[in-house]
Amino acid sequence: MAVVADVLEKEAGAGPPHEPADGRRLGLEQLLVAAGQVGSGVGNLAFALVAARILDPAGFAQLSVFLGLYLVLSLPAASLSAATALEPGRRNALVRRVVAASAGVALIGAALSPLIGPVLHLPAAMIVILAAVVPAAGALALDRGRLYGRQLHGRVVASLAAEPAVRLTLGLVLATWTGALGGAAGVVIAAYAALEVARAPRRRTRPGLHSRPVSQPAGGAARRAAAPATAAGWTAGAFALLAVVQNQDLIFANARLAGHQAGIYAALSTLGGAAAFATITIPMVLLPRAAQGERHSLAAALGAAALIGLAAVGVGAAAPAELVRMCFGPHYVAVSHLVVPYLVAMGLLGVARVLVAARCATGGARAVTVLTGVAAAGQAAVLSTVARGVEGVAYSTLATTAALTAALGAERLVRRYRLAPRAVAALRSAAVTRRYQLLAAVVLVGLVVRLLVWRGLWLDEATSVHQVHMSFGGMITNLRDTDVHPPLYFTLLWVTVRIFGYGSMAIRIPSIVAGLLVVPACYVAGRDLWDRRTGMVAAAFASVGPLLVWYSQEVRMYSLFMLFAVLAIWGQARALRRGRPADWAIYVLASAGLAWTEYFGLFQVLAQQLFFLWLFLRHPDQRARLVGWVVATVAFLALFAPLAPFAWHQFLVNQNAGKGFGAPSQTNLAGTGSISVYTVLANLVWAAVGYHSAPIMKRLVALWPLGILATLFVLGRRSTWATRLVAVCVVVPAALLLAAGMEKRFLYDVRYMSGVAAALVLLGARLLTGSSRSRRLQLVGCVAVVAALLAGLGDEQLNGTNPRLYDFRGALKSVNAQWRAGDVLVYAPSDIQTVIAYYSPQARAVSPAARLPEVPEGGTIFVLASRPLMNASGPAQLRHLLVDLRSADVAAGVVRRSNVTVWKFLVPAPGTVVRGGVAVRAAGSGR
């Protein structure tokens, strides 16, 4: 590194003292200082890793929270570094005020430590130690900023290196002697050591990379350079809020999670913090360059931040479990699936810091401070309301950093390419502004309700997770030989879990994203089919539609099915109205997506093809679109052709297995009897208002005369071809599925006509807006329908008597809480073994058909069964096992969850053994 520095210094001094640097030199300058920061980060990470070995998990969690709070105090001081980096001479004027103010804050913090400590779950003494570092943080920021401004980067690196050096020596010694308090004291002493190095006398050096004075630019550059000085407060706020975004997840986790969970999240935060810490110096080096108008300064800074972030993600992705085990020990491996997403979040935060610094250096500190504040507030709201468990906290941080970086990047592009004047002109209309604000609010509501996942996995979802655990080739082979669904959804899920892991929220990402996109898709479809008001009403219905929300939370393909169904209708409407190639492409790709997502999507493809044919025969004016239709049909067949052999093989395998082309019959979700009028009406009710208990369903189905009246009302009004198109997409697929259900009863299920549910949203919106011209009546009707849908959504999600709700997670949680080595879990039906493997991988689980292994003295036999998933009479083996265990008088209790039951049987000492499914008490043994 010294050789590179000498070369760069010679190159920098070769030209005029104030000659603008080129992109190569700026990039090397950034990487040189970043290397020093990375070395400092590695040293601080080593301190945390050794502390994790020395301290118990609770103590390490406390120390990690202390480090997070230390960063919260230190990182906002980077705004002071920004002020002195732009004007190094301001250091002497600011240092007294900063030290005096920080000393007052330290005294107040120390005085309130008995109150603050319990809130943060930290000892009061640790709050006092934290208060002691406040004066050093401000002074250190000012001195380092002066070094950045004078481009004394060697001194900056020396100051950065001093901190981990003291932590790894004195800090670890204190942690060994006195625990977390000693480690915290070492962190504070290290901060004062770094301050002393930054304050050390400086020699005068020739102009070069490390010591070139900052010139005062002229003209517009001078105004840009002066801007940060007048906006130092806003800059301080922006960097303080960035520190909050980085660290408040750890604070929330320590306050809300159990001790062990807080400890493993602290380990995750430590790894991510190292990645974020490595990019802290990049915006500081950028600030004086950007203020002088250096052309390539932002590109060099972004390149350095992106390079470091990608390197961190690459290291984490190579072997996350081994990395966590090596760094923190085997007790923390449970968090390994979150390593990559969290490192991505911290890498994005590094990029966001660079964008904030560039904006602050050019006079936009106020705007980025407000934007960062919105991001921090949104993250806090999610952490306090929605996020549950380690995964929820981690993914809320990823979502926040991704949204913030995207917003900052978009703002930069708008300014860079001068899109703002055109955008402002387009949005000058108050109506347009209100419309898109309302749509954004509707989409936000849809996102919130889809993130509120109350239920765990059930059989089909666990099967999806089991399949994507395989290699890609193995998964495709498994789908081809044992399943009945196309591979598109599983491919998306396979990629998702490789990036985000197998956590309960991560595995739902494809469904949540597809389900959320249904909301704006309904808006654009309703807008282009009828008008904007109908589109907005359709989006409102889609955001809270119970069935749409239900399948947006399920680890299956049905929300993707709904999305392609709406997009196919939208594409066909645009193709008929305008006939542009892009419109036909939307229709073709969405239709192909229907086929590759769910074979029953071909019913809608057929319905839309029939509508094309009817329209061209009845309306000669539409025959101009005939060529487009032929080309689109050929294109669809070309996209479907690779899937046809795959589907045919699945059909043959299922026919030979005696199941037919459909879901496994043992799930028994749709029943085994004939299809009745009630069955048809129930499926339509499910499509409209979601799943509910049997008593509620009977009352809803009893309202079928109102449905007939509504149908007659619609038929009695004049309808456009757009309304007829959507009606055909409802009637034809529902009729075809009914015909298939007559042959194979289990095929008639609302899941397989999910596209009908999405089309019903469009029809319902048109029924509302087309029934009256009064905007007030339309608004009242929309509010009433949304309120009814919200009520149905609440009952669907929270009512334990919902027949589609299977609480395997709650049942197996009770088993896990009592599980000991040697226990046995007997389960029925056999299909739920994938659910058990997900929630209780440690369980020794066997089917009642298998020979029951011996249970040690004092052990427990758990029997888990879900009768709705079994045949009407239930497996004979399970009945016999329960009779035998009850006759042995070893029953210890029953746990009942939604559609799931767990029986607990104890094997008392002495003499009770269990063999072959029969419990036997040895002669002479007592109870």
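Procedures and definitions
- Residues numbered from 1 in each chain as written.
- Predicted model: local features only at pLDDT ≥ 70, side-chain atom pairs only at ≥ 80, totals over all residues.
- Heavy atoms only, no water.
- Helix = DSSP H or I, 4+ residues; strand = E, 2+ residues; numbered from the N terminus.
- Buried < 20%, exposed > 50% of the residue type's maximum accessible area, 1.4 Å probe, protein only.
- Contact = heavy atoms within 4.5 Å.
- Areas by Shrake-Rupley, 256 points an atom, 1.4 Å probe, with all protein chains shown as cover.
- Core = buried A, V, L, I, M, F, W, Y, C linked by side-chain atoms within 4.5 Å.
- Pairing = 2+ DSSP bridges.
- Axes fitted to C-alpha atoms, helices over the stretch in contact; angles between N-to-C directions.
- Left-handed = near helix turned anticlockwise from the far one by under 90°.
- Nonpolar A, V, L, I, M, F, W, Y, C, P; charged D, E, K, R; others polar.
- Phe/Tyr/Trp six-rings, centres within 6.5 Å; stacked < 30°, edge-to-face > 60°.
- Lys NZ or Arg CZ within 6 Å of the ring centre and 35° of its normal.
- Patch = residues over 30% accessible without salt bridge, like charges linked within 9 Å, V, L, I, M, F, W, Y side chains within 5 Å.
- Salt bridge = Lys/Arg side-chain N within 4 Å of Asp/Glu carboxyl O.
- Expected span 1.5 Å × (residues − 1).
- pLDDT = per-residue confidence, 0-100.
- Parallel < 35°, antiparallel > 145°, perpendicular 65-115°, else oblique.
- Polar contact = N/O pair within 3.5 Å; in protein donor to acceptor, adjacent residues only side chain to side chain.
- Lys, Arg positive; Asp, Glu negative; His and termini not counted.
- Charge placed at Lys NZ, Arg CZ, Asp CG, Glu CD.

**Student:** Quick one: what's the story with the overall build of the protein, residue by residue and with numbers?
**Tutor:** The number of helices and strands found in the protein is 41 helices and seven strands. Counting all 927 residues of the protein, 53% fall into the buried class. Pairs at least 24 residues apart make up 78% of the contacts formed inside the protein by residues separated by at least 6 positions. As presented, the protein carries roughly 38,600 Å² of accessible surface, and 66% of it is formed by carbon and sulfur atoms.

**Student:** Tell me about the nonpolar core, residues and numbers included.
**Tutor:** As a rule of thumb, nonpolar side chains are buried together in soluble globular proteins. In terms of nonpolar packing, the biggest core is built from 126 residues, with Leu529, Phe541, Leu762 and Leu864 touching the most fellow members. Here this core takes 14 residues from helix 28 (residues 558-577), the largest share from any one element. Phe47, Phe66, Leu268 and Ala365 belong to the second largest nonpolar core, which has 110 residues in total.

**Student:** Residue-level account of the pairing of strand 1 (residues 824-828), with values.
**Tutor:** The buried count for strand 1 comes to five of five residues, which makes it a mostly enclosed element. Of the pairings in the sheet, the one linking strand 1 to strand 3 (residues 860-865) comprises five bridges and is parallel in character. Directly across from Val824, in strand 3, lies its bridge partner Ile861. Pairing analysis gives two bridges linking strand 1 to strand 2 (residues 845-846), with the strands arranged parallel. Bridging from a neighbouring strand, Val826 pairs with Val846 of strand 2.

**Student:** Which residues make up the packing of helix 29 (residues 581-597) against helix 31 (residues 626-640), and what are the values?
**Tutor:** For the pair helix 29 and helix 31, the least separation of the axes is 9 Å and the interaxial angle reads 30°. The way helix 29 lies across helix 31 gives a crossing that is right-handed. Contacts from Trp584, Tyr587, Val588, Leu589, Ser591, Ala592, Ala595 and Trp596 in helix 29 reach Gly628, Trp629, Ala632, Ala635, Phe636, Leu639 and Phe640 in helix 31. Residue classes in the contact of helix 29 with helix 31 are distributed as 13 nonpolar, two polar and no charged.

**Student:** Any chance you could break down the packing of aromatic side chains for me, citing the residues and the numbers?
**Tutor:** Per the stated rule, a full pass over the model turns up 26 aromatic pairs. Relative to Trp494, the ring of Phe472 lies with its centre 5.3 Å away and its plane at 70°, an arrangement referred to as edge-to-face. Of this pair, Phe472 sits in helix 23 (residues 472-482) while Trp494 is found in helix 24 (residues 488-500), placing the two residues 22 residues apart along the sequence. Judged by its relative accessible area of 35%, Phe472 is partly exposed. Every member of this aromatic cluster is reached through a ring pair, and the members are Trp550, Tyr551, Tyr558, Phe600, Phe603, Trp686, Tyr691 and Tyr752. Directly above the aromatic system of Trp550 lies the positively charged group of Arg455, at a separation of 3.7 Å from the ring centroid.

**Student:** Residues and numbers for the environment of Val900, please.
**Tutor:** Tracing the backbone shows Val900 in strand 5 (residues 900-906). Among the residues examined, Val900 registers a relative accessible area of 1% and is labelled buried. In sequence terms Val900 and Ser866 are 34 residues apart; their C-alpha atoms lie 4.6 Å from each other.

**Student:** An account of unusual backbone geometry is requested, with residue identities and associated values reported.
**Tutor:** The peptide bond linking Ala828 to Pro829 adopts the cis configuration, its omega dihedral lying at 0°. Along the chain, Pro829 turns up in the loop between strand 1 and helix 40 (833-839). Phi at Asn899 takes a positive value of approximately 60°, unusual for a residue other than glycine. Turning to its location among the elements, Asn899 is positioned in the loop between strand 4 (891-897) and strand 5.

**Student:** Explain a nonpolar patch on the surface to me, using residue names and the numbers behind them.
**Tutor:** A cluster of nonpolar residues, Ile108, Leu112 and Leu115, forms a patch on the protein surface that exposes about 300 Å² of accessible area. With respect to the helices and strands, the residue Leu115 is situated in helix 6 (residues 113-120).

**Student:** Any details on helix 10 (residues 180-199)? Residues and values, ideally.
**Tutor:** Taking 1.5 Å per residue as the helical rise, helix 10 with its 20 residues ought to reach 28 Å, and the 29 Å between its terminal C-alpha atoms agrees with that figure. All of the buried residues in helix 10 are Ala180, Gly182, Gly183, Ala184, Gly186, Val187, Val188, Ala190, Ala191, Ala194, Leu195 and Ala198.

**Student:** Run through helix 28, naming residues and quoting values.
**Tutor:** Taking 1.5 Å of rise per residue, the 20 residues of helix 28 would be expected to cover 28 Å, and the 29 Å separating its terminal C-alpha atoms lies within 8% of that figure. Burial of helix 28 is extensive: 18 of the 20 residues sit out of reach of the surface. Following helix 28 by one or two positions, Gly579 has its phi on the positive side, about 75°.

**Student:** I'd like a rundown of the pattern of salt bridges, residues and numbers included.
**Tutor:** For side chains bearing opposite charge, pairing can occur when the charged atoms are close. The full count for this structure, using the stated rule, is 10 salt bridges. With a shortest N-O distance of 3.9 Å, Asp481 and Arg480 are connected by a salt bridge. Residues joined in a network through salt bridges with shared partners are Arg527, Asp528, Arg574, Arg578 and Asp583.

**Student:** Tell me about the confidence of the model for the protein, and please be specific about residues and values.
**Tutor:** The predicted coordinates should not be examined in detail at positions where pLDDT is low. The predicted model of the protein has a mean per-residue pLDDT of 78, with 81% of residues at 70 or higher. Within the model, the stretch residues 202-229 combines pLDDT values under 50 with 60 contacts to residues more than four positions away or in other chains. This stretch, residues 661-672, has a pLDDT under 50; its non-local contacts, to residues over four places away or in other chains, come to 38 contacts.

**Student:** An account of the packing of helix 6 against helix 7 (residues 124-132) is needed here, citing residue identities and associated values.
**Tutor:** Contact geometry for helix 6 and helix 7: axes closest at 8 Å, N-to-C directions at 110°. On the basis of the axis angle, helix 6 is roughly perpendicular to helix 7. Here Ser113, Pro114, Ile116, Gly117 and Leu120 of helix 6 come into contact with helix 7, specifically with Ala124, Ile127 and Val128.

**Student:** Outline the side chain of Thr397, listing residues and values.
**Tutor:** Summarising the element assignment, Thr397 is placed in helix 19 (residues 389-416). Overall, Thr397 belongs to the buried group, its relative accessible area being 0%. Separated by 3.2 Å, the side chains of Thr397 and Asp249 make a polar contact. Excluding residues that lie within four positions of it along the chain, Thr397 makes contacts with Val245, Asp249, Tyr265, Tyr342, Ala345, Met346 and Gln379.

**Student:** Describe a positive patch on the surface, naming the residues involved and giving the relevant values.
**Tutor:** Taken together, the side chains of Arg867, Arg879, Arg886 and Arg896 present a region of like positive charge at the surface. For Arg879, the location among the structural elements is in helix 41 (residues 876-887).

**Student:** Can you lay out the pairing of strand 3 for me, pointing to particular residues and giving the numbers?
**Tutor:** The element strand 3 is largely enclosed, with a buried count of six among its six residues. Where strand 3 lies against strand 5, six bridges are found, and the strand directions are antiparallel. Within strand 5, the residue paired with Thr860 across the bridge is Leu906.

**Student:** Could you give an account of the side chain of Thr534, with specific residues and numbers?
**Tutor:** Position of Thr534 relative to the elements: it lies in helix 26 (residues 532-544). Assessed through its relative accessible area of 0%, Thr534 is described here as buried. What Thr534 contacts, discounting residues up to four positions off in sequence, is Gly526, Ala765, Arg766 and Thr769.

**Student:** Describe the environment of Gly501, naming the residues involved and giving the relevant values.
**Tutor:** Its place among the elements puts Gly501 in the loop between helix 24 and helix 25 (509-529). For Gly501 and Pro341, which are 160 residues apart along the polypeptide, the C-alpha to C-alpha distance reads 8.2 Å.

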